Structures are given as C-alpha cells and as structure tokens.
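As a plain string of letters, each chain reads:
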Amino acid sequence: MDSITLAWSIFGLVLMAILLFNYLLVKYYTDPAESYGLATFTIAFSLTVTLLTVLLIPVDVYVVSIGHTSFANLQISREMVKDLYTVLYILMVVDAFFLIPFSYFYGEERMDEIDGFDNPCQQICNALKYTVYFIILLGILILTVLVVRPDQKMGLTQGKETEWL
C-alpha cells in the first residue's frame, strides 16, 4: 500500500474514531426521551470539529518551529496547516450559524408533533424558515455594529466612511 494512502487511511480512521467517541459521549449523557437524532449528530459534529481544531495547535507549533515536516512521505508545511485551520474554522462557522440553529428550530417544531402536528416536511420547512430569519437578524445586527459606532456623530465625513475599519 502506498504510504500516502496509508497516512490518509489512518487519518480517516482517527477522524471516525473521534466522531464515534463524541457521539457515544453525547448519547450517554442525554435523556433518551428528550433527544433526537439531529441534535445528537449536531452536538457530536460540533465537539469533533472543536476537538480537531484544538488538536491542530501542537502540530502548528511543531511545523512553525521546524519549518516543515514529513510523515510517511507526506510533507506537512505551514500552508497545509493554514488550509486545515481555514477548513476547520469554516466548519465551525457553518455549524454555529446554520446547523445548530436549524437543529434547535427543528427540535421546537418536533414538539408540535407531540401536540398533534405530524408532517415532517412541514417541520423541516418551518425550521429552515426560522433559521433563515435567524441568519437575517444576525446579519442585521452585525451590519448595525459595523456601521454605528458609539462615538459617531450624526453624519459621516464625505470620503471617510470606512476609515475607522
């Protein structure tokens, strides 16, 4: 077997083991009557991405101190570590601003199922609708924070609108 294939296979197995460990950890500590599959997956996925980001820090420190390193004919450079950080942070943002709110709103819609509302497609559509509302509200809040400053006077000086950034 090629050494690069072996290295990626080991990485995939470690990744699956971490995901399985986090899933079992979440299943152990949640109430079976109160949990549902999407919430369990979301929490396990969040823990896995966070754990991988934290475990990348020692690799980053080692690579920065050495310059580059190789493992089983796989060159690990600063650029590769930077790309891994980028991917993990993008996964964190998607998780925090889409997956977790969707899971929450789906769980709220799932409670309506107990009250007699029994259309799963409608539950998913409502959860997506509320998630989009959440993202729009969050975008408005972020834009408000970027545009309105505490020390801002009534008007902006022409040509200096973005100087404070």
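All values derive from a computational prediction rather than experimental measurement.

Peer 1: Help me out: how do you make sense of the nonpolar core in this one?
Peer 2: Grouped together as the largest cluster of nonpolar side chains are nine residues: Ile 18, Val 49, Leu 52, Leu 56, Val 63, Ile 76, Val 81, Tyr 85 and Leu 88. Among the secondary structure elements, those contributing two or more residues to this core are helix 2 (37–66) and helix 3 (78–114). With four residues, helix 2 is the largest single contributor of residues to this core. In this structure, Tyr 36, Phe 102, Phe 105 and Tyr 106 belong to the second largest nonpolar core, which totals six residues.

Peer 1: Please explain the environment of Tyr 104 as it appears in this structure.
Peer 2: Structurally, Tyr 104 can be placed in helix 3. Take Tyr 104: its relative accessible area is 51%, and that puts it in the exposed class. In the structure, Tyr 104 is positioned 62 residues away from Thr 42 in sequence and 9.8 Å away in space, judged by C-alpha atoms.

Peer 1: Can you walk me through the packing of aromatic side chains in this structure?
Peer 2: What describes a pair of aromatic rings is the distance from one ring centre to the other and the angle between the planes of the rings. A complete count under the given rule lists nine aromatic pairs for this structure. Ring geometry for Tyr 85 and Tyr 89: centres 5.8 Å apart, planes at 15°, overall stacked. In this pair, Tyr 85 and Tyr 89 are both assigned in helix 3, four residues apart and thus about one turn of the helix distant. Using a relative accessible area of 15% as the deciding quantity, one classes Tyr 85 as buried. Through a chain of ring-to-ring contacts, the aromatic side chains of Tyr 36, Phe 98, Phe 102 and Tyr 106 assemble into a single cluster.

Peer 1: Help me out: how do you make sense of helix 2 in this one?
Peer 2: Quick reminder: α-helices carry 3.6 residues per turn. Residues three or four places apart thus point the same way. Here helix 2 spans 43 Å end to end across 30 residues, near enough to the 44 Å set by a 1.5 Å rise per residue. The sharpest bend along helix 2 comes to roughly 25°, located at Ile 57, with the proline Pro 58 sitting one to four residues further on. Among the residues of helix 2, Ala 39, Thr 40, Thr 42, Ala 44, Ser 46, Thr 48, Val 49, Leu 52, Thr 53, Leu 56 and Val 63 are the ones counted as buried.

Peer 1: Teacher, can you tell me more about a nonpolar patch on the surface here?
Peer 2: Among the surface-exposed residues, Phe 21, Leu 25, Tyr 28, Tyr 29, Ile 43 and Leu 47 lie close enough to one another that they form a single nonpolar patch of about 680 Å² accessible area. Elements represented by at least two residues in the nonpolar patch include exactly helix 1 (3–29) and helix 2. With four residues, the single largest contributor to the nonpolar patch is helix 1. Here Tyr 28 falls in the exposed class, since its relative accessible area comes to 65%.

Rules used in this analysis
Residues numbered from 1 in each chain as written. Predicted model: local features only at pLDDT ≥ 70, side-chain atom pairs only at ≥ 80, totals over all residues. Heavy atoms only, no water. Core = buried A, V, L, I, M, F, W, Y, C linked by side-chain atoms within 4.5 Å. Buried < 20%, exposed > 50% of the residue type's maximum accessible area, 1.4 Å probe, protein only. Helix = DSSP H or I, 4+ residues; strand = E, 2+ residues; numbered from the N terminus. Phe/Tyr/Trp six-rings, centres within 6.5 Å; stacked < 30°, edge-to-face > 60°. Expected span 1.5 Å × (residues − 1). Bend = angle between axes of the 7 residues up to and from the residue. Patch = residues over 30% accessible without salt bridge, like charges linked within 9 Å, V, L, I, M, F, W, Y side chains within 5 Å. Areas by Shrake-Rupley, 256 points an atom, 1.4 Å probe, with all protein chains shown as cover. Salt bridge = Lys/Arg side-chain N within 4 Å of Asp/Glu carboxyl O.

Read these as layout, nothing more, since geometry by itself doesn't imply function.
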